[in-house]
Structure formats: C-alpha cells, structure tokens
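An overview of the molecular structure
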Amino acid sequence: MPGAAVRERAWLIAIVVPCCVGLAFAANAHALLVLALLACAILAIPLLVRRQRLDLFAPWNYLCYFVLLNVLARSILIDLDLTGGNVNLDDIFYLGKGPGFLVASMGVMLLGFAFLTFGYLLAPHRPHVLHWHLLRAPIDRRRLDLTLILMLLTSAAAFVAFVYVTFDGVADFAWRLLSSHRGLSDDLTEYRGYGYLRLLAGLSTIVIYLTYLQLRTERRRRARYRLALLVAVLISTAMAFYSQSRAALIFPFLNLLFMKYYLDGRRFPWRVFTVFLPLVVALFIITSSLRAGAGVDLTQRVTPMTIVAPIILTNGGIDASKTGHIIDYVDDTQDYKLGQTLVQFLWAAVPRELWVNKPPNLDTFVGEKIYGAETFGAAAVPAGFFGEMYLNFWYAGIVVGALLLGLIVRRIDNLLAGNLHSAVFIMCYVVLLQSIGMSVLASGVSSTIIGVLTAGVPLLLVLRFITRGPAAPRAE
C-alpha cells in the first residue's frame, strides 16, 4: 500500500475513533448535537480520503460549508440552549412538538447525508474536459460593449418598472419600508411575483461577472469596464435591497471572490476577503433588521447572539424540523406528490396573469399546508431536498434521490477539474454549477432548476453572441 494512502487512513482512524468515543458519552444528553456531528463527519469522508489538491470551493466542499452552518451550528444553538432568549424555538421548529421530534427528524437527515456521501464516492474522480466553442473562442469587443450597454439599460428599466408596479405610496420612503416584500396578496389568484421584471433586472449581475472577467483578461478599455461594473453593482444592489432579497444582495460579492480564487490559481484572496467580509456582513444585518419578523432589531442593544441567533435559528435552508413536519404531514394525509414537484419548473415560466389557477409552487404549498401561511409572497417555506423527496416517494425517495444528487455533484466536480484552464468556464461554474448541490439540499429540485435556467440561459446566450472566430489555443 502506498505511503500516502497509509497516512490518509491513519489520519482517518485517529480522527474518527476519538469522535465516536466522545459521541457515545454525549449521546444521551445531547442526541440532536450528536446526530448533527455524525452527519458532518460522514460528509467529511470524501475530504479525508481525497488524493487531489484541496479546492476550497469545489462543489462538495461548498455543500459542506452550508451544512456546517445550517445543520451543525443550528443544532449547537438549540441543543446547548444558546439562543439568548432572542428566538422562540417552539414557534420556529417544534410547533407544539417536543424535543424528541427534532432528534427523530435529524435521524432522517443523517440517513439522507449518508446516501448522499455514498453516491458521491460511488462515481470515480475523472476530470472531464469540455471542448465547447464558447469556452475558448476569443471575445468580440464591439459585441461585448454593445451587449453590456443593452443589458445595463434593460436591467435599469426593469428595476424602475418593478418599483412602479409595486410602489404603495409615499409611505415607502420611510426607512423601514424601503426594503420589504413586494407583490403580497392574501389570494393566490391575485398574487403577482413579477418574475419577468426580476429576471430582466437580474441582467445587471451578468454584467458584473462579464466585466470582472474582462478586467482580468483585457488590458485595454479598462475604464469603461470599471464604469460598467460600478453601474451594474449599483443596479443589482438597489434591486436586491428594494425587493428584500438578502441572497441577491450578497452572492454577487461572494461569486466575485470565488472567481478571483480560481483565476489566481486557487489562491485564497485574503486581502479582498478581509475588506469585503465586514461590508457583506453589515449589508446582511442591515437588510435583516429591516425585514419584519427577521428578529434583528438595531434599535436595541446589539450583541453577537442578537445577530447570530435570528439568522441561524430559522427554518430556512437545510433544516431538520422542516423535514420532520413534512414527514408528519404526509403520514397524516397520504398526500404523496409522486414526482409532481420535481417537474414544476416546466410550467413555472407561465405568468399567473395568463394562468390564474396555476398550481402553487412547492415553497408556497409547504408554507400554506404545514405552517399555516395566509399571505402569498412573504410566507413561502422551501421544503428542502429530503422533505421534498419524502413528499414524493416516501423514504425510497430520500435514498434514491440522495444517491443521484451525490453522483451529480461528483459530475460537476469532474467538470471543474477538467476545465480549470478556461476563464469562461470558471465564470459559468461559479454562477451556475458551484451551488447546485447546496441549492437542491436547501430548496428543492424545481426551484434549483429554475434558478439555474434563469441565470444560465441569458448568460449562455450572451456568450454565444459575443464569441466568434476560431477557438483560442488552449492555455498551458
């Protein structure tokens, strides 16, 4: 056996054995935390047995970071009662059920994570090189400049139109009302999400990525690209703030960080990180404080727990309690969807103005049927992957779905390994592929597909338009 393999297995034993002994002693008193630790330990197995260079933002690693935040950190705060009195756990997680309910739900999550890891390890690590013209062809600067101008004008016009159709009056100029949910309704047939306006306004984020990539590869016309980048950031930030989308506010900055990491040869940009991290955190906290019910109140004494607890202690993302409530609902009603939620993306593009009785999406269904939501547009609850799979196909759905998702994440990992030399692929990976595993776990299948399509179709069309001529020689 090669020496490297021996060392890897020795490290694996040295870490796993003490953890198992410690968990055995703690299991009785802190079962929730123990199960969360076991889930994270299982997800860490591919990292411990890897033979490739550590990639901080590979799809599996990115997924693991999200699980650490949504599963482990959340379980620590709940199980060790570190909420600081800022969050009512029963209103958010238990809904009248005891702590044992959450432990059982975490057990189901553990099952899903185990098969997810097995599916990832089942497929071999085999870099796959794409020979697409879009990834290597030179960019036509005139077409690029024209495209950037058109996208900026379109996104700006869409933002103005979105404000116009959702503006409720002069009261919106109040500080706390500047950032709030838009298009709310108590009647589903009257609810308007204005998805196409949001999509067009989102073109500004594509401008952000294209101009940053151009600044990294182009030595001329840098002033105009810097200006385009600045305008795009302003439009994107204004839209995210006005529509109360914390993800849209933060992820463009994070994606630029990820792009820089790969374009710099997978060197972590510590200087940029230390500068932008406080800014991103501040934007997140300010936006959260403006959201009704977010639990962040900057008018009161601010402590680390008053900020952290309301952000982490939610039923968003990968949540055990949400999975448990969905299981209980299905067991009580036998309302199995048999794959219906997996294909909702097929009719999601039809505006409700044209199809008034369009079925609600899965997030709205969960919010209404399980959490008793009555206001559409503000109370949707993403089901999460394991909950969605159970809603469709019982425990078999969790097992088979987790295996398939693991295989998909490995496939993305192989694509990344085979195309690190292409700057255009790096952009496409960061924007479209990197977060697929995390998004499916946190939201569900159709919502992830919709997210990839709404970002991917415009991006690929733009790349198709601005690239021409013979493929550029492959970089060594």
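1. A closer look at the packing of aromatic side chains
Describing an aromatic ring pair means giving the distance of the ring centres and the angle of the ring planes. Under the criterion given, the structure shown has 16 aromatic pairs. Measuring from centroid to centroid gives 4.5 Å for F57 and F258, while their planes differ by 50°, and the two rings are tilted. Residue F57 is located in the loop between helix 2 (31-48) and helix 3 (59-79), and its partner F258 is located in helix 11 (residues 246-263); the two are separated by 201 residues in the primary sequence. Assigned by exposure class, F57 and F258 land together as buried. Judged by centre distance (6.3 Å) and plane angle (90°), the ring pair of W270 and F273 falls under edge-to-face. With W270 and F273 both in helix 12 (residues 270-290) and three residues apart, the pair spans about one turn of that helix. Among the residues examined, W270 registers a relative accessible area of 57% and is labelled exposed.

2. Things to note about unusual backbone geometry
Most peptide bonds take the trans form, and the phi angle of most residues other than glycine is negative. The phi dihedral of R266 falls on the positive side, at around 60°, and the residue is not glycine. Here R266 lies in the loop between helix 11 and helix 12. The residue L338 is not glycine, and still its phi comes out positive at about 50°. The exposure class assigned to L338 is exposed, which follows from its relative accessible area of 62%.

3. Quick look at the pattern of salt bridges
It is possible for side chains bearing opposite charge to pair when their charged atoms get close. Tallying each qualifying case throughout the model produces eight salt bridges. A salt bridge links K97 to D328; its shortest N-O distance comes to 2.3 Å. Of the two residues, K97 is situated in the loop between helix 4 (89-94) and helix 5 (99-122) and D328 in helix 14 (residues 320-333); the sequence distance between them amounts to 231 residues. For K97, a relative accessible area of 32% corresponds to the partly exposed category. Assessed through its relative accessible area of 23%, D328 is described here as partly exposed. Here D335 makes a salt bridge to K337, at a shortest N to O gap of 3.3 Å. Since its relative accessible area comes to 23%, D335 is described here as partly exposed.

4. Description of helix 17 (residues 385-418)
Over its 34 residues, helix 17 extends only 28 Å from the first C-alpha to the last, a length that falls short of the 50 Å expected when each residue adds 1.5 Å. At F393, helix 17 shows its maximal kink, close to 135°.

5. Re the confidence of the model for the protein
The predicted structure's coordinates, where accompanied by low pLDDT, should not be read in detail. For the protein, per-residue confidence averages 78 on the pLDDT scale, and residues scoring 70 or more make up 78% of the total. Model confidence for the protein, summarised as mean pLDDT per element, is weakest for helix 1 (residues 3-26) at 51 and strongest for helix 17 at 91. When the criterion is pLDDT under 50, residues 1-10 qualifies, and its contacts beyond four places in sequence or with other chains add up to seven contacts. Counted against residues more than four places away or in other chains, residues 170-191, with its pLDDT under 50, gives 61 contacts.

6. Thoughts on the packing of helix 7 (residues 141-166) against helix 9 (residues 203-217)
Helix-helix packing is described using two parameters, namely the angle between the two axes and the distance between the axes. Look at helix 7 against helix 9: their axes get within 8 Å of each other, and the N-to-C directions meet at 150°. Classified by the angle between their axes, helix 7 and helix 9 sit roughly antiparallel to one another. In terms of crossing hand, the pair formed by helix 7 and helix 9 is left-handed. Together, L144, L148, M151, L152, T154 and S155 of helix 7 and L203, S204, I206, V207, L210, T211 and Q214 of helix 9 make up the contact between the two elements. Taken together, the residues of the contact of helix 7 with helix 9 sort by class into eight nonpolar, five polar and no charged.

7. Focus: the nonpolar core
Within the largest apolar cluster, 104 residues are counted, with the highest numbers of intra-cluster contacts made by F113 and L441. Ranked by residue count, the leading element in this core is helix 17, at twelve residues. Filtering out sequence-adjacent residues up to four positions away, F113 remains in contact with A39, I42, L43, V67, V71, I318, F386 and L441. Judged by nonpolar contacts, the second largest core, of six residues, contains A158, F159, A201 and M239.

8. Concerning the side chain of S321
Here S321 shows up in helix 14. Judged by relative accessible area, S321 falls into the buried class, the value being 0%. Here S321 is in contact with I92, F93, F101, L102 and S105, once residues within four sequence places are set aside.

9. Some details on the environment of L200
On the secondary structure map, L200 appears in helix 8 (residues 195-201). Residue L200 is classed as partly exposed on the basis of its relative accessible area of 36%. A C-alpha to C-alpha distance of 8.6 Å links L200 and A157, two positions 43 residues apart in sequence. When residues no more than four places from it in sequence are discounted, the contact partners of L200 are T154, S155 and A158.

Thresholds applied
Residues numbered from 1 in each chain as written. Predicted model: local features only at pLDDT ≥ 70, side-chain atom pairs only at ≥ 80, totals over all residues. Heavy atoms only, no water. Phe/Tyr/Trp six-rings, centres within 6.5 Å; stacked < 30°, edge-to-face > 60°. Helix = DSSP H or I, 4+ residues; strand = E, 2+ residues; numbered from the N terminus. Buried < 20%, exposed > 50% of the residue type's maximum accessible area, 1.4 Å probe, protein only. Salt bridge = Lys/Arg side-chain N within 4 Å of Asp/Glu carboxyl O. Expected span 1.5 Å × (residues − 1). Bend = angle between axes of the 7 residues up to and from the residue. pLDDT = per-residue confidence, 0-100. Contact = heavy atoms within 4.5 Å. Axes fitted to C-alpha atoms, helices over the stretch in contact; angles between N-to-C directions. Parallel < 35°, antiparallel > 145°, perpendicular 65-115°, else oblique. Left-handed = near helix turned anticlockwise from the far one by under 90°. Nonpolar A, V, L, I, M, F, W, Y, C, P; charged D, E, K, R; others polar. Core = buried A, V, L, I, M, F, W, Y, C linked by side-chain atoms within 4.5 Å.

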